[in-house]
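Residue-level structure breakdown
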Amino acid sequence: MRPPVIMGVVNVTPDSFSDGGLFLDADAAVEQGRRLAAEGAAILDLGGESTRPGAAPVPEDEELRRVLPVVERLAGGEAAHARLSIDTTKATVAAAALGAGATIVNDVSAFRFDPAMAGLVADSGVDCCLMHMLGEPRTMQEDPRYDDVVSDVKAFLEERLAFAVSEGVDEEHVWLDPGIGFGKTVEHNLELLRRLDEIVAIGRPVAIGTSRKSFLGKLAGGRDEGERLPGTIAANVLALERGATIFRVHDVAQNADALAVAAATFRLDVGERA
Ligand code: HH2
């Protein structure tokens, strides 16, 4: 078990499911990044394209226009010691962000959407997060089915890890993510959390993104996005207990406190803080 690392979400988008439009302006996004770093995020995950179910793709130049100024400013010292992660499936966007100071590529397509992505990560020597998604965001929630969701997701992540290594990515630089909410029913998400240790057994750090997701709202009697923090914390503490390492969250301060208590109970060192 590794100590928890908090990844704070900064969505520079008009349409993200829980905070769309709040941080579309570069000043607001930088301020949010600074705030999340001060609250204990060791990593800031910056994204310019929503991946919510049914989301429309964003052209490359628009995605760059949204995120690049934010990466530049946060890398220039405004984010204290937090590392910057670029949440994109496009190699050109990732390359520009890495050039501006990001050191992590978070690719929700796990190198499937852009053939240049694996080579870019290999050549740059940066860390990457490879996530499971069934299909693509536009259609992923249309009746998702698996033989066994945990075995299927595990096989996918093992295959993607092997692909990344075959493209020259150092295995030590790869994190894996089961993709909570990406082509999954409520029961699929719960099964993945319940048996997360099977994904952890692959041997790479596991990232988990439960924050404010719709299954939490459904389980709590129909809570809106802004009312899903208690559910997020419950899911994250369980994920920690089953071996997750990186926690991708919108509400950094509250998750950091909860995970610090849980980590101390499991006798883990206090996680990295920015
Ligand atoms: N979830 C979202 C986006 N990126 N990356 C990883 N590795 N894991 C996740 O679970 C994950 C992710 C969706 O959340 P959010 O960014 O808040 O919403 P949107 O995609 O609508 O911008």
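Residues numbered from 1 in each chain as written. Predicted model: local features only at pLDDT ≥ 70, side-chain atom pairs only at ≥ 80, totals over all residues. Heavy atoms only, no water.

1. Looking at the side chain of glutamate 49
For glutamate 49, the position within the fold is in the loop between β2 (43–47) and α2 (60–78). Taking the relative accessible area as the measure of exposure, glutamate 49 reaches 17% and is therefore buried. Of the polar contacts made by the side chain of glutamate 49, one reaches the backbone nitrogen of valine 58; its length is 2.7 Å. A distance of 3.4 Å separates polar atoms of two side chains, one belonging to glutamate 49 and the other to lysine 90. (Helix = DSSP H or I, 4+ residues; strand = E, 2+ residues; numbered from the N terminus. Buried < 20%, exposed > 50% of the residue type's maximum accessible area, 1.4 Å probe, protein only. Polar contact = N/O pair within 3.5 Å; in protein donor to acceptor, adjacent residues only side chain to side chain.)

2. Considering the packing of helix α1 (residues 26–38) against α2
How two helices sit against one another is set out by the angle between their axes and by the gap between those axes. Two numbers describe how α1 lies on α2: the axes approach to 9 Å, and their chain directions differ by 40°. As summarised for this structure, α1 and α2 are arranged oblique, according to the angle between their axes. Read as a crossing pair, α1 and α2 show a hand that is right-handed. Where α1 approaches α2, its residues Ala26, Asp27, Ala29, Val30, Gly33 and Arg34 are matched on the opposing element by Val70, Arg73, Leu74 and Glu78. Tallied by class, residues from the contact of α1 with α2 come to five nonpolar, one polar and four charged. (Axes fitted to C-alpha atoms, helices over the stretch in contact; angles between N-to-C directions. Parallel < 35°, antiparallel > 145°, perpendicular 65-115°, else oblique. Left-handed = near helix turned anticlockwise from the far one by under 90°. Contact = heavy atoms within 4.5 Å. Nonpolar A, V, L, I, M, F, W, Y, C, P; charged D, E, K, R; others polar.)

3. Some thoughts on helix α9 (residues 229–241)
Residues three or four positions apart in an α-helix share a direction because the helix packs 3.6 residues into each turn. With 13 residues, α9 extends 18 Å between its outermost C-alpha atoms, agreeing within 8% with the 18 Å of an ideal straight helix rising 1.5 Å per residue. Burial in α9 covers these residues: Leu229, Thr232, Ala235, Asn236, Ala239 and Leu240. Viewed end-on, α9 has its buried residues packed into an arc of 140°, placing them on one side of the element. Glycine 243 occupies a position one or two residues after α9 and carries a positive phi of about 110°. (Expected span 1.5 Å × (residues − 1). Arc of directions from axis to C-beta.)

4. Overview of the pairing of strand β5 (residues 127–131)
Of all five residues in β5, five are buried, a share of seventy percent or more. Here β5 shows two buried faces, one formed by Asp127, Cys129 and Met131 and the other by Cys128 and Leu130. As paired elements, strand β4 (residues 104–107) and β5 share four bridges and run parallel to each other. Opposite asparagine 106, over in β5, you have cysteine 129 as the bridge partner. By the bridge criterion, four bridges tie β5 to strand β6 (residues 174–177) in an arrangement that is parallel. Looking at β6, one finds that cysteine 128 is bridged to valine 174. Read from β5 through helix α5 (residues 149–166) to β6, the crossover connection turns out right-handed. (Pairing = 2+ DSSP bridges. Right-handed = clockwise from strand over helix to strand, strands pointing away.)

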